[in-house]
Number of protein chains: 2
Amino acid sequence: MTVTIYDVAREANVSMATVSRVVNGNQNVKPATRKKVLKVIEELGYRPNAVARGLASKKTTTVGVIIPDISNSMYAELARGIEDIATMYRYNIILSNSDQNQNKELQLLETMLGKQVDGIVFMSDVISTELLYEMERSPTPIVLAGSIDETNAVASVNIDYYGAAYEAVKKLVDNGHKKIAFVSGPLSSKINKDYKLKAYTEALLDAGIDYDEKLVVECNNSYDEGMEAVSTLQPYEPTAYFVSNDEMSIGVIHALEESGKKVPEDVEIISYENSKLARMARPMLTSIAFPLYDIGAVSMRLLTKYMNEEEIEEKQVILPYRIEERQSTKNA
Amino acid sequence: MTVTIYDVAREANVSMATVSRVVNGNQNVKPATRKKVLKVIEELGYRPNAVARGLASKKTTTVGVIIPDISNSMYAELARGIEDIATMYRYNIILSNSDQNQNKELQLLETMLGKQVDGIVFMSDVISTELLYEMERSPTPIVLAGSIDETNAVASVNIDYYGAAYEAVKKLVDNGHKKIAFVSGPLSSKINKDYKLKAYTEALLDAGIDYDEKLVVECNNSYDEGMEAVSTLQPYEPTAYFVSNDEMSIGVIHALEESGKKVPEDVEIISYENSKLARMARPMLTSIAFPLYDIGAVSMRLLTKYMNEEEIEEKQVILPYRIEERQSTKNA
DNA sequence: GTGAAAGCGCTAACAA
DNA sequence: TTGTTAGCGCTTTCAC
């Protein structure tokens, strides 16, 4: 029923090897026979079986992508970056959601390796020791996208989270604020705790402002918790907010406005993400551009280098960030 | 280097068949030998090769997903629904973006069939005749998610787009509006043109209001074009808007407010989608709930039935919708 | 430039 | 309950 390479060979009076050559674009085929074979392929509607090819060649031209949650716009953006570059290099993608659950991550890794993917792009807020161990002994190259492994054992692409956060907080300090709140994502995430929070603390310190833990609120990155954070913080009367993502920033703005404060006149806000939401907020958000798409794209590009065994110049790549100034801060 | 089923067999003093049996949970294995085999598997770190398995069994336990654009939150939501159910049934997903480009769709379909996926979930605003032809002759089951094929040749899951749109417009009519604008997505999409626009027209007609093409604006579903639509429509002074998605609705609201109109006092708006944006808008959007996640989940569930050759009760499933009343309309 | 033949690692009869 | 033996459909030496 399904037509195989053997059928084509028979029909074209050549060997399987020759059919394989024309299918794979091997140049060692006389134009005339190539043409003949192509004709038969067309007639028979032959479609190469990638599974058989994968078994024989030990290459599947598919890569695994493990991310927390595709329905979250940040990860979706990342995924698109990955997919675009994958397509460019003729790879397909097996996409899985881990929900940041470590067991699921471990098991997903196992499944993908079982499926013989040629490489893996992985994203998670926390890379456990166990996960790291498995990654290091993986027979297949892995790159971390927007995820920190401080041992630098695994390739990764990130931005300078510390620098970005420091700059944001410094901007608020420079605008004269003394009480600057930090509405953070989960502190279980290394990026939030060891980079953003640290930068927040040190930027304050460098400006002679003592760190006040009451001004820091840990949230789950959602709009609702952004709103709640304002209630929590209100008693301490912060005059500026540094917020971990755009969705929470919008929550913060709405809560502030409900309590009669005006942004940016009474309270300034700097967000972190710069998704398309930033322009859809009123006032539009000043936000640190976190280039998710690019991180995905560069991760995938880096992965192709590993898969082709090309030389790697830098195993840990750091992409630039920038601050997009809009209306939630006063112009300097 | 890589350990195969053969290595395990040798080490455990059993045949490959027995190892295969324990790996696949076949009950016809004496507990003692099962235990022995499991032990060797553990020791050797044996990991079954899914590609070889796929070749031998003609099942890959992976399904293809072809959607327009994963970075668009609607499709991301759909994808999550698909993935969750796929995971539940132990399938993995190969995810590809088509950007609604017909050639890409055709080629993606071809690639996935080549990769021997066990099934495909497909989404696109327009299913061309050529695509339909290929789908019908596909050796692998396909289900359309949130996509219309009027020949009913291919399985699909949708909502009652016409009914939903009709109800929305009727609500606006009932609130006394005579000049109701329709800010539509691309009219190349059957859903927009033959269902929503038609419902809009007929709901108006049924209320004795003549259709005025000036009140209909075709957009690309983006925030910016939502804003622009308002400028285009302003001369005709609509007092109510029916808008094709949440992002455009927010654009409409912002443009309206910039021009001094108040929502819902001066102008009422009903959106279509009810994503999490709907609650993040001010005023919060009254929106027709378009259950993307469910459509994805049900599509995948339907696909599993085809893949298992279960009996299908209904090939075209229609999911319920509802109207979520919030602040962009006046309460009745 | 082309063909023969040996696998790739596994499943699935069929026997025993 | 277990083993033997063909494949699955292709790539890849190695000859010619």
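It should be noted that the structure appears before, not after, this text.
Here the structure is a predicted model, which is why all the values come from computation and not from measurement. (Residues numbered from 1 in each chain as written. Chains lettered and ligands numbered in written order. Predicted model: local features only at pLDDT ≥ 70, side-chain atom pairs only at ≥ 80, totals over all residues. Heavy atoms only, no water.)

## Here we look at the sheet that holds strand S12 (residues 322-324) of chain B
Residue and element names in this part refer to chain B.
And step 1. As summarised here, the arrangement of the 6 strands in space is S7-S6-S8-S9-S10-S12, forming an open sheet in which the pairing is mixed. On the outer flanks of this sheet lie strand S7 (216-218) and S12, each paired with one strand and no other. Taken over all neighbouring pairs, the strand axes of this sheet differ in orientation by 20° on average, direction set aside.
And step 2. Bridge count for strand S6 (residues 180-184) against S7 is 3 bridges, and the pairing is parallel. Each residue of the ladder has a partner; that of Val183, found in S7, is Val217.
And step 3. The strands that helix H8 (residues 161-174) touches are S6, strand S8 (240-243), strand S9 (268-273), strand S10 (286-289) and S12; relative to S9, the one it contacts most, it runs at about 170°.
And step 4. Contacts from helix H10 (residues 223-233) reach S6, S7 and S8 within the one sheet, and its direction differs from that of S7 by about 145°. (Pairing = 2+ DSSP bridges. Helix = DSSP H or I, 4+ residues; strand = E, 2+ residues; numbered from the N terminus. Axes fitted to C-alpha atoms, helices over the stretch in contact; angles between N-to-C directions. Contact = heavy atoms within 4.5 Å.)

## Brief notes about the protein's contact with DNA strand D
And step 1. As a matter of local geometry, DNA strand D sits amid 27 residues, with A:Ile5, A:Ser20, A:Tyr46, B:Arg21 and B:Thr33 nearest to it.
And step 2. Counting only atoms of DNA strand D within 4 Å of the protein, the sugar-phosphate share comes to 59%.
And step 3. A:Asn24 has a polar side-chain atom sitting 3.0 Å from a phosphate oxygen of DNA strand D.
And step 4. Within the side chain of A:Arg53, one N or O atom sits 2.8 Å away from a phosphate oxygen of DNA strand D.
And step 5. Breaking the surface near DNA strand D down by element, the ones donating at least two residues are helix H2 (16-23) and helix H4 (50-57) of chain A together with helix H2 (16-23) and helix H4 (50-57) of chain B. (Near = heavy atom within 4 Å. Polar contact = N/O pair within 3.5 Å; in protein donor to acceptor, adjacent residues only side chain to side chain.)

## As for empty space enclosed by the protein
And step 1. One pass over the full model with this rule turns up 3 cavities of 30 Å³ or more.
And step 2. For the largest cavity, the calculated volume is near 240 Å³.
And step 3. Taken together, 15 residues make up the lining of the largest cavity; nearest its centre are A:Val51, A:Thr62, A:Lys115, B:Val51 and B:Lys115.
And step 4. Counting residues per element, the ones that place at least two in the lining of the largest cavity are H4 of chain A together with H4 of chain B.
And step 5. Looking at the lining of the largest cavity residue by residue, the classes come out as 7 nonpolar, 6 polar and 2 charged.
And step 6. Roughly 50 Å³ of internal volume is contained in the second largest cavity.
And step 7. Looking at the lining of the second largest cavity, the elements with two or more residues in it are helix H5 (73-88) and strand S2 (92-97) of chain A together with strand S2 (92-97) of chain B. (1 Å grid on protein atoms, 1.4 Å probe; cavity = no way out; pocket = protein on both sides within 12 Å on 5 of 7 lines; lining within 4 Å. Points joined across faces, edges and corners; volume = space filled by probe spheres on them. Nonpolar A, V, L, I, M, F, W, Y, C, P; charged D, E, K, R; others polar.)

## Structural notes on the protein's contact with DNA strand C
And step 1. The environment of DNA strand C is formed by 28 residues, the closest being A:Arg21, A:Thr33, B:Ile5, B:Ser20 and B:Tyr46.
And step 2. When atoms of DNA strand C within 4 Å of the protein are split into backbone and base, the sugar-phosphate part holds 62%.
And step 3. In the environment of DNA strand C, a phosphate oxygen lies 2.6 Å from a nitrogen or oxygen atom belonging to the backbone of A:Lys30.
And step 4. Within the contact set of DNA strand C, a phosphate oxygen lies 2.8 Å away from a side-chain nitrogen or oxygen of B:Arg53.
And step 5. Residue assignment for the surface near DNA strand C shows that the elements contributing at least two residues are H2 and H4 of chain A together with H2 and H4 of chain B.

## Brief notes about the relation of the copies chain B and chain A
One copy of the chain maps onto the other through a rotation about an axis plus a displacement along that axis.
And step 1. Overlaying chain B with chain A gives an RMSD of 0.1 Å, the required rotation being 180° about an axis along which the chain moves by 0.0 Å. Put plainly, the chains are arranged around a two-fold axis. When each C-alpha of chain B is compared by its distance to the rotation axis, B:Ile94 comes out closest, at 2.2 Å.
And step 2. Looking at the interface residues of chain B, 98% of them are also at the interface in chain A, so both copies use one shared face. (Least-squares fit on C-alpha atoms with pLDDT ≥ 70 in both.)

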